[in-house]
Amino acid sequence: MSTEEQLLEESAEDLFENAPCGYLSTALDGTVLKVNRTFESWTGFEREELIGQRRFQSLLAPGGRIYHETHYAPLLRMQGQVREIALEIVRADGSRLPVLVNSTLVKGSDGEPRLIRTTVFDASDRRRYEEELLRAQRQEREIAEQFQRSMLAGELPVSAEVEVAASYRPADNALEVGGDWYDAFWLSRHRIGLVVGDVVGRGIEAAATMGQLRSATRALASTGQPPPRLLEALDAYAVRHRVGFLTTVVYMELDLDSHELRFSCAGHLPPVLAPASEAAHLAWKGRSLPLGLGGRDEEARPEARCRLDPGSVILLYTDGLVERRRHSLDAGLERLVAEVESNRGEPPERLTSNLLHAFATSERQDDACAMALSLRG
């Protein structure tokens, strides 16, 4: 007899009893009326222990019983069926079986509900896969965080004339690190370079791209190129090596002898300047497109200049500090300026820490970075 003929001779009862899924019928209150052999073997309960003796919901773990009462049963009554509900069944020996449950409400000829038919699928392999995937994601995040911290580590410039400090906080709900970075370094005995950037994307790739662009920025700055030419060269580097597409970055140079500040922004949010004798404000000049969108000529990368007196404060930051889903960006920027103004007397370390605390909220979906420079009197 061929295999096909053998399959055709299988009885409906045998197909039911030995189906690759558990099957049970229950009354409307969940009392078990019928189960198949597969469900028995999976749960470890004998048929006599189930039929007329237990309710389906009583076989569930505590959280599943609550979900059954608050979601599963109401949805079944309203929709007539529920599909792929993830639950845990407590076996006879106390162990738990992860399952996916599909249920259908069966109605009689009068249209009234009569019973519930339920299929139960063993989700143990799926649960293990999800746990392994979660472990892999956590491991990737840890690697990226370590890499990111190593790239952001290092002493910031400090002297009798200037003090620089930065604060960084990862997103509240993200499983992966982002590509925010900051850096400050001496260009000469009396000149300081400042940079803050934001790479598109998350995870190890974004962290690696951040590292490349940060290193490239330092290398280009060491050649003495002014801010607009540095951004042109950084743009060319990003295009040539196919990294950092749409990265935003702001680069500044401060001369401590003349107190002249020169800066250019490639798609980045405007710095906040708090001159000693003026109110804090956004510096909107010197703006151009993010990296990777062209702009490698003198007109496409403009430069802004201003002179700062001792007592002035400069703040660079990333969009994760001020952007919120439920509020406009303009509102976030206005609040940032107000916070800088109210904290301008604080040292840079306290200023940046206060800003991250002031903007801390569960709505923040992106990393936040703030770097401040105070020009001492």
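Relevant structure appears above.
Everything quoted here is computed from the prediction, not taken from an experiment.

Engineer: Describe the sheet that holds strand β12 (residues 281-282), with residues and values.
Structural biologist: Reading across the sheet, the five strands line up as β6-β16-β15-β11-β12 and stay open at both edges, with antiparallel pairing between neighbours. What marks the edges here is a single partner per strand, and that holds for β6 (162-169) and β12. Where strand β11 (residues 272-274) lies against strand β15 (residues 313-317), three bridges are found, and the strand directions are antiparallel. Paired with A274 across the bridge in β15 is V313.

Engineer: Give a description of the pattern of salt bridges that names residues and reports values.
Structural biologist: Scanning the entire structure with this criterion turns up 17 salt bridges. When the shortest N-O distance is used, the salt bridge between D183 and R214 registers 3.2 Å. Of the two residues, D183 sits in strand β7 (residues 179-188) while R214 sits in helix α7 (residues 203-221), which places them 31 residues apart along the sequence. The same class applies to D183 as to R214, namely buried. In this structure, R229 engages E232 in a salt bridge whose closest nitrogen and oxygen atoms are separated by 2.6 Å. Here R229 and its partner E232 are both found in helix α8 (residues 227-241), three residues apart, which amounts to about one turn of the helix. The network of salt bridges with common partners includes E260, R262, E303 and R305.

Engineer: Run through the sheet that holds strand β1 (residues 22-26), naming residues and quoting values.
Structural biologist: Two orientations exist for strands paired in a sheet by backbone hydrogen bonds: parallel and antiparallel. A sheet is described by the order of its strands in space; here five strands give the open sequence β2-β1-β5-β4-β3, paired in antiparallel fashion. Looking along the sheet, the strands with just one partner apiece sit at the ends: β2 (32-35) and β3 (81-90). Taken pair by pair, the neighbouring strands of this sheet meet at an average axis angle of 30°, ignoring direction. Its contacts with the sheet place helix α5 (residues 62-79) against β3, β4 (96-107) and β5 (113-122), and it is angled at close to 160° to β3.

Engineer: Describe the side chain of D367, with residues and values.
Structural biologist: By the secondary structure assignment, D367 is in the loop between α10 (348-358) and β16 (368-375). At 2.6 Å, the side chain of D367 and the side chain of Y168 are in polar contact.

Engineer: I'd like a description of unusual backbone geometry, backed by residues and values.
Structural biologist: Located in the positive-phi region is E84, a residue other than glycine, with phi close to 50°. Inspection of the secondary structure puts E84 in strand β3. Backbone geometry at H259 places phi at a positive 65°, although glycine is not the residue there.

Scoring rules and cut-offs
- Residues numbered from 1 in each chain as written.
- Predicted model: local features only at pLDDT ≥ 70, side-chain atom pairs only at ≥ 80, totals over all residues.
- Heavy atoms only, no water.
- Pairing = 2+ DSSP bridges.
- Helix = DSSP H or I, 4+ residues; strand = E, 2+ residues; numbered from the N terminus.
- Salt bridge = Lys/Arg side-chain N within 4 Å of Asp/Glu carboxyl O.
- Buried < 20%, exposed > 50% of the residue type's maximum accessible area, 1.4 Å probe, protein only.
- Axes fitted to C-alpha atoms, helices over the stretch in contact; angles between N-to-C directions.
- Contact = heavy atoms within 4.5 Å.
- Polar contact = N/O pair within 3.5 Å; in protein donor to acceptor, adjacent residues only side chain to side chain.

The quantities given are spatial measurements derived from coordinates; they are silent on function.
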